[in-house]
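These are the residues of each chain, in order.
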Amino acid sequence: MDCLFCKIVAGEIPSKKVYEDDWVYAFYDINPQAPVHFLIIPKAHIESAAEITAENSAVVAYIFEVIAKLAAELGLGDGFRVITNCGEDGAQTVKHLHFHVLGGKKLSEKMA
Ligand code: 5GP
Ligand code: ZN
């Protein structure tokens, strides 16, 4: 499958790893929008938040467990933002479900 993030998971494209286990991979965004900006993805390909079902949703809960742990480890104790862009109107550019975790400064109150 021609998917950028599947290739990152497979190690075919280099990335700056934050965390990895059997289920998920977290890595720093190549174009950071905040002092701390990493992405966390399921290793299994899911296209977007619109493709989450009863069958594959467990990994999403798990991703949020890992986010809480990584945020604490990366010094985001004062807060952070989690974003998933979905589809055309959501400005999703990589069609593999990913959650942006942004922090390290007071973020804008504007969401869109
Ligand atoms: P989206 O707009 O789909 O929500 O976000 C895709 C994100 O992936 C963007 O923030 C972009 O900077 C990041 N990105 C795109 N290609 C690469 C890459 O090859 N490596 C890394 N680490 N991040 C990437
Ligand atoms: Zn993929």
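Residues numbered from 1 in each chain as written. Chains lettered and ligands numbered in written order. Predicted model: local features only at pLDDT ≥ 70, side-chain atom pairs only at ≥ 80, totals over all residues. Heavy atoms only, no water.

1. Quick notes on the overall build of the protein chain
Now for step 1: Across its full length, the protein chain holds two helices and five strands.
Now for step 2: Counting only C-alpha atoms, the protein chain reaches 40 × 30 × 25 Å along its principal axes.
Now for step 3: Expressed as a percentage of the 112 residues in the protein chain, the buried residues total 36%.
Now for step 4: Of all intrachain contacts in the protein chain linking residues separated by at least 6 positions in sequence, the fraction that spans at least 24 positions is 55%.
Now for step 5: Accessible area of the protein chain: about 6800 Å², with a carbon and sulfur share of 53%.
Now for step 6: Separation between the mean location of the 10 positive side-chain charges and that of the 15 negative ones in the protein chain comes to 8 Å. (Helix = DSSP H or I, 4+ residues; strand = E, 2+ residues; numbered from the N terminus. Buried < 20%, exposed > 50% of the residue type's maximum accessible area, 1.4 Å probe, protein only. Contact = heavy atoms within 4.5 Å. Areas by Shrake-Rupley, 256 points an atom, 1.4 Å probe, with all protein chains shown as cover. Lys, Arg positive; Asp, Glu negative; His and termini not counted. Charge placed at Lys NZ, Arg CZ, Asp CG, Glu CD.)

2. Digging into the coordination of the zinc ion (ligand 2)
Now for step 1: Within the first shell, the zinc ion (ligand 2) binds the protein through Cys3 (SG), Cys6 (SG), His45 (ND1) and His96 (ND1), at distances of 2.0 to 2.3 Å.
Now for step 2: Around the zinc ion (ligand 2), the four donor atoms are arranged such that angles at the metal cover 104 to 116°; this shape is classified as tetrahedral.
Now for step 3: In the primary structure, the donors to the zinc ion (ligand 2) are separated according to the pattern C-x2-C-x38-H-x50-H. Here Cys6 is found in helix α1 (residues 4-9), whereas its partner His96 is found in the loop between β4 (80-83) and β5 (99-103), with 90 residues between them in sequence.
Now for step 4: Judged by relative accessible area, which is 21%, Cys6 ranks as partly exposed. (Donors = N, O, S within 2.8 Å, 3.2 Å for Na, K, Ca; no water. Tetrahedral: all angles 85-135°; square planar, octahedral: opposite > 155°, others 65-115°.)

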